[in-house]
Amino acid sequence: VQLVESGGNLVQPGRSLRLSCVASGFTFDDYAFHWVRQAPGKGLEWVSAISWNSGSTDYADSVKGRFTISRDNAKNSLYLQMNSLRVEDTAFYFCAKTLHPIVVAGAFDRWGQGTLVTVSS
Amino acid sequence: QSALTQPASVSGSPGQSITISCAGGNSDVAYNYVSWYQQHPGKAPKLIIYDVSKRPSGVSNRFSGSKSGYKASLTISGLQTEDEAEYYCSSYRSSSSLVVFGGGTKLTVL
């Protein structure tokens, strides 16, 4: 089981960035996925979730209206489109797989290694 | 959307037991969907407890979880030096955000 994120970069405030997470080693479309971020030296913050079939999505208030989560089950891939980026969005972004099939909320049993997004002018 | 409340730090000696608390409310910890994660510096979090007290395959039985009302707890018995890490609790939340984390607890093994 492996999750590999990519797409992190240095970007100016107000710009956009798209993160990707490619999964392998399990049946991708059986599970919901989440994005969790961690500012350098800080704690974990839940960002967004998507159900196994993209029928349900959810967002933290801090990113609602600016970030969009999506997935492509044919490509075993998860995405996070981040628009109108702010300095406070600077963080490592982790994709995380839910432990139980189908269930959206609950524990995350597999995490990627994280990709760093730095928002700065 | 306030985080769950954890102590900033705890410490213990090798072989001892420690407990980390995680306080929430009736919209989160009241449900039996509390998880605990261990994170070493520069690494991704690792799931060690889910659904309050269940251990994933491969996790040492020195780790145990419990809950009373709106407070969940993680107990680590027989402390080992490799247990030194940051620990986070997490819960499903029925209002506002779907998932909420605690602020994290730094465990030092003296």
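Look up a bit, the structure's there.
Keep in mind that this is a model prediction, so the values were computed, not measured.

(A) Region of interest: the interface of chain B and chain A. Contact with chain B, which involves 17 residues of that partner, is made by 22 residues of chain A. Across the chain B to chain A interface the summed buried area is about 1600 Å²; carbon plus sulfur atoms make up 67%. On inspection of chain B and its partner chain A, the count reaches zero salt bridges. Where chain B touches chain A, the interface holds three residue pairs in polar contact (both at pLDDT 80 or more). Among the elements that take part in the side of chain B that touches chain A, strand β3 (residues 34-39) of chain B stands out by supplying three residues, more than any other. Looking at side-chain class alone, the side of chain B that touches chain A contains 10 nonpolar, six polar and one charged residues.

(B) The state of the cysteines, seen in detail. Tallying each qualifying case throughout the model produces two disulfides over all chains. The disulfide partner of Cys21(A) is Cys95(A), and the S-S distance across this bridge is 2.1 Å. When the S-S torsion is 55 degrees, as for the bridge of Cys21(A) with Cys95(A), the disulfide is right-handed. On the criterion of sequence distance, the pair formed by Cys21(A) in strand β3 (residues 17-24) and Cys95(A) in strand β9 (residues 91-98) is long-range, its members being 74 residues apart. Both residues of the pair, Cys21(A) and Cys95(A), belong to the buried class. For Cys22(B), the disulfide goes to Cys89(B), at an S-S distance of 2.1 Å. Between Cys22(B) and Cys89(B), the disulfide has an S-S torsion of 75 degrees and is therefore right-handed. One end of the pair, Cys22(B), is in strand β2 (residues 18-23); the other, Cys89(B), is in strand β7 (residues 85-92), and 67 residues separate them in sequence. Of the two residues, Cys22(B) and Cys89(B), neither departs from the other in class, the shared state being buried.

(C) Inspection of the pattern of salt bridges at higher detail. Residues and elements named next belong to chain A. One pass over the full model with this rule turns up eight salt bridges over all chains. The closest approach of N and O atoms between Arg37 and Asp89, which form a salt bridge, is 2.9 Å. In this pair, Arg37 is assigned in strand β4 (residues 33-38) and Asp89 in the loop between β8 (77-82) and β9, connecting sequence segments 52 residues apart. Here Arg37 and Asp89 have matching classes, each one buried. Arg66 serves as the salt-bridge partner of Asp89, at 2.7 Å between the closest nitrogen and oxygen. Separated by 23 residues along the polypeptide, Asp89 in the loop between β8 and β9 and Arg66 in the loop between β6 (57-59) and β7 (67-72) bring together distant segments of the chain. Of the two residues examined, Asp89 and Arg66, each falls in the buried class. Through salt bridges that share partners, Arg37, Glu45, Arg66 and Asp89 make up one connected network.

Criteria and cut-off values
Along each chain, residues carry numbers from 1 onward, in the same order as the chain's sequence is written. Note on labels: chains are lettered from A, ligands numbered from 1, in written order. The model is predicted, so local features are restricted to residues of pLDDT at least 70 and side-chain atom pairs to those at 80 or more, both for listing and for counting; the totals for chains, interfaces and linings are taken over all residues. To obtain the side-chain values, all non-hydrogen atoms of the structure were used and water was disregarded. Here, residues are in contact when the closest pair of their heavy atoms is within 4.5 Å. We define buried area as the total accessible area lost by two parts upon association, computed with a 1.4 Å probe and summed across both. One side-chain nitrogen of Lys or Arg within 4 Å of one carboxyl oxygen of Asp or Glu is enough to make a salt bridge. Side-chain atoms alone can form a polar contact between residues adjacent in sequence; in general such a contact is a pair of N or O atoms within 3.5 Å, and within protein one must be able to donate a hydrogen while the other accepts it. For helices the rule is a DSSP run of H or I covering at least 4 residues; for strands it is a run of E covering at least 2, with both sets numbered from the N terminus onward. Charged residues are taken to be Asp, Glu, Lys and Arg, nonpolar residues to be Ala, Val, Leu, Ile, Met, Phe, Trp, Tyr, Cys and Pro, and polar residues to be all remaining types, Gly included. The disulfide definition used here is simple: a pair of cysteine sulfur atoms within 2.5 Å. Exposure classes here rest on a 1.4 Å probe applied to the protein chains alone. A residue is buried below 20% of its type maximum, exposed above 50%, and partly exposed in between.

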